[in-house]
Amino acid sequence: MSTSPADLVREFHRAFGLDVRSTPAEVSPELAAHRRDMLAEEAAEVEEVSVEGPLDKLAHELADVVYVAYGTALVHGIDLDEVIAEIHRANMSKLGPDGQVARRADGKVLKGEFYRAPDVSSVLRRQGWTPAAQEGATEVGATEVGA
Ligand SMILES: [Mg+2]
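Residues numbered from 1 in each chain as written. Predicted model: local features only at pLDDT ≥ 70, side-chain atom pairs only at ≥ 80, totals over all residues. Heavy atoms only, no water.

The name that an unreviewed UniProt entry assigns to the protein chain is HAD superfamily Cof-like phosphohydrolase, with the source organism given as Streptomyces misionensis.

If you want it as C-alpha cells, here you go:
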C-alpha cells in the first residue's frame, strides 16, 4: 500500500464521494470556503499543542493539516507533490555553489544571489491550468512572490 499522502487522500475522497479533480481549476466559492474552514480548524489544533504538547497530539494534528491540505489540492485538481518539488527546488537554491548559507539572527535561511523563486504558476500550467484572463493582468508568473 502506498503511504504517499496524495494517494491516501485520493483513496479517501473516492471512498466518501468527495470532489476529485485531475486538472487544476477554480472551484465554487462554497466549496473553496469549506476547504478554507477545514484547514483553518486543523491549523488551530496544531497551534493548541505546538508548545505544550503532548508530542503524539502534535504529530496527529500536523498529519491532519497535511491530509486536509492534500485534500484541498485534490479538490482543486492540483498535483501538490509537483508543487512541493518546485518549492523545494527554490529553497535549495538559497544554497550557493560555495556552500555558504546566509542566516538571519533567528536562524531563518536567507535568499542568496543564486536564489530562484518558485514558479508555481508554471507548474500548474504544465498540469493543464488555464488561468482566467484578468483585467490588467501582467505577464503570467511575473507577480510570483518568493518563499
Ligand atoms: Mg485535527
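**Structural notes on the coordination of the magnesium ion**
Coordination of the magnesium ion by the protein involves Glu42 (OE), Glu45 (OE), Glu61 (OE) and Asp64 (OD), with metal-donor separations of 2.1 to 2.2 Å. Here the donor residues of the magnesium ion are spaced in sequence according to E-x2-E-x15-E-x2-D. Linking Glu42 in helix H2 (residues 29-49) with Glu61 in helix H3 (residues 55-75), this pair joins segments that are 19 residues apart in sequence. Assigned by exposure class, Glu42 and Glu61 land together as buried. (Donors = N, O, S within 2.8 Å, 3.2 Å for Na, K, Ca; no water. Helix = DSSP H or I, 4+ residues; strand = E, 2+ residues; numbered from the N terminus. Buried < 20%, exposed > 50% of the residue type's maximum accessible area, 1.4 Å probe, protein only.)

**Concerning the packing of helix H1 (residues 5-15) against H3**
Following both chains from N to C, one finds H1 and H3 inclined at 70°, their axes separated by 9 Å at the closest point. It follows from the interaxial angle that H1 and H3 lie roughly perpendicular. Two packed elements cross with a definite hand, and for H1 against H3 that hand is right-handed. Between H1 and H3, the residues in contact are Pro5, Ala6, Leu8, Val9, Arg10, Phe12 and His13 and Val66, Tyr67, Tyr70, Gly71, Leu74 and Val75, respectively. Split into classes, the residues belonging to the contact of H1 with H3 amount to 10 nonpolar, two polar and one charged. (Axes fitted to C-alpha atoms, helices over the stretch in contact; angles between N-to-C directions. Parallel < 35°, antiparallel > 145°, perpendicular 65-115°, else oblique. Left-handed = near helix turned anticlockwise from the far one by under 90°. Contact = heavy atoms within 4.5 Å. Nonpolar A, V, L, I, M, F, W, Y, C, P; charged D, E, K, R; others polar.)

**Quick notes on the pattern of salt bridges**
Going through the model one piece at a time under the given rule, you end up with six salt bridges. Residues Glu61 and Lys57 are paired through a salt bridge, measuring 2.7 Å at the closest nitrogen-oxygen approach. Within this pair, Glu61 and its partner Lys57 are both found in helix H3, separated by four residues, close to a single helical turn. Judged by its relative accessible area of 2%, Glu61 is buried. Under the relative-accessibility criterion, Lys57 is labelled partly exposed at 34%. Across the salt bridge formed by Asp106 and Arg104, the nearest N and O atoms sit 2.7 Å from each other. For Asp106, a relative accessible area of 54% corresponds to the exposed category. (Salt bridge = Lys/Arg side-chain N within 4 Å of Asp/Glu carboxyl O.)

**Some details on the side chain of Ser93**
Turning to its location among the elements, Ser93 is positioned in the loop between helix H4 (80-92) and helix H5 (120-126). You can call Ser93 buried: its relative accessible area is 13%. Reaching out from Ser93, the side chain makes a polar contact with the backbone oxygen of Ala90 at a distance of 2.6 Å. Those residues in contact with Ser93 that sit more than four places away from it in its chain are Phe114, Tyr115 and Arg116. (Polar contact = N/O pair within 3.5 Å; in protein donor to acceptor, adjacent residues only side chain to side chain.)

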